[in-house]
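Residue-level listing of the chains:
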Amino acid sequence: MNDSNKNITHDEKIKILTELKKVCSQCSKCELSKGRTNIVFSDGNPDAKIMLIGEAPGHNEDVRGVPFVGRAGQLLDTFLQEHNISRKDDIYICNTVKCRPPENRVPKPDEKKACRKYLDAQIKLVKPEIILLCGSTAVQSFLDTKLTISKIRGQWFENENGIKMMPIFHPSYLLRNHSLEENSPRWLMHKDLENIKSELRKLC
Ligand code: URA
Ligand code: SF4
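This section reports on the structure supplied with the text. All values reported here derive from a predicted model rather than from experimental measurement.

Here D62 lies in helix α2 (residues 59–64). Here D62 is buried and forms no salt bridge, its nearest opposite-charge partner R100 lying at an N-O distance of 4.9 Å. Residues contacting D62, with those up to four places away along its chain left out, are G35, R36, T37, N38, V40, P57 and R100.

What follows covers the sheet that holds strand β6 (residues 164–168). Strand order in the open sheet formed by six strands is β1-β3-β2-β4-β6-β5, and the pairing between neighbours is mixed. What marks the edges here is a single partner per strand, and that holds for β1 (43–44) and β5 (157–158). Pairing analysis gives five bridges linking strand β4 (residues 130–134) to β6, with the strands arranged parallel. Counted as the bridge partner of L133 is P167 from β6.

Contact pair helix α1 (residues 10–25) / helix α4 (residues 109–126): the axes reach a minimum separation of 10 Å and the direction vectors enclose 170 degrees. By the angle between their directions, the pair α1 and α4 is classed as roughly antiparallel. When α1 is examined against α4, the residues K13, I16, L17, L20, V23 and C24 are found in contact with a partner set consisting of Y118, A121, Q122, L125 and V126. Tallied by class, the residues present in the contact of α1 with α4 amount to nine nonpolar, one polar and one charged.

The next thing to look at is the packing of aromatic side chains. A complete count under the given rule lists one aromatic pair for this structure. Judged by centre distance (5.0 Å) and plane angle (35 degrees), the rings of F169 and Y173 are tilted. According to the relative accessible area criterion, F169 is buried, its value standing at 2%. If you follow K29 out to its NZ or CZ, it ends over the ring of Y118, 4.9 Å from the centre.

Rules behind the numbers
Residues numbered from 1 in each chain as written. Chains lettered and ligands numbered in written order. Predicted model: local features only at pLDDT ≥ 70, side-chain atom pairs only at ≥ 80, totals over all residues. Heavy atoms only, no water. Helix = DSSP H or I, 4+ residues; strand = E, 2+ residues; numbered from the N terminus. Buried < 20%, exposed > 50% of the residue type's maximum accessible area, 1.4 Å probe, protein only. Lys, Arg positive; Asp, Glu negative; His and termini not counted. Salt bridge = Lys/Arg side-chain N within 4 Å of Asp/Glu carboxyl O. Contact = heavy atoms within 4.5 Å. Pairing = 2+ DSSP bridges. Axes fitted to C-alpha atoms, helices over the stretch in contact; angles between N-to-C directions. Parallel < 35°, antiparallel > 145°, perpendicular 65-115°, else oblique. Nonpolar A, V, L, I, M, F, W, Y, C, P; charged D, E, K, R; others polar. Phe/Tyr/Trp six-rings, centres within 6.5 Å; stacked < 30°, edge-to-face > 60°. Lys NZ or Arg CZ within 6 Å of the ring centre and 35° of its normal.

Purely geometric numbers; function is a separate question.
And the structure:
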């Protein structure tokens, strides 16, 4: 397991995360800094066993400075609730970049690269047991694969520190796919969340 900061206290962790957030709020390492209203650092519990990494902030996230608070975020909340995963207590939420891309375009590789050291620092501090790669942008940042999200979702991977990672559908894709029939995207998302819950129980 990743035990590189096993001696850090909870208070120190929160202090370092707060400092890191402040650094991000002054960051201009990539073009995305120009269009932002607020940086979108994280939401949820920095002590959570699950970390979810989405794509990038959208309009609502940029205005509020909080990830996944628009329509996609609301749908994500519904899925989490249905599986008894508390957004406040059980999960820590971030994105591949902290500033909103113009017109909600996909973040460019150099933007993701510029922002990655902040995300890596968050992973190191939070030390999740499981990382959910939510949508293809997050998948491409962490896994060397050409497989589409439909092909790769639901599979377990492990990063270099032994943290389990699973690609899952992005809620904005689920907003466009309403069916709950067997093997539909929403049905598969429920299956993946069940799988994640059962892995969590094993870890407890
Ligand atoms: N979509 C994302 O990928 N992240 C957000 O924070 C909001 C929408
Ligand atoms: Fe800095 Fe990340 Fe924002 Fe780019 S997206 S300006 S690297 S905080």
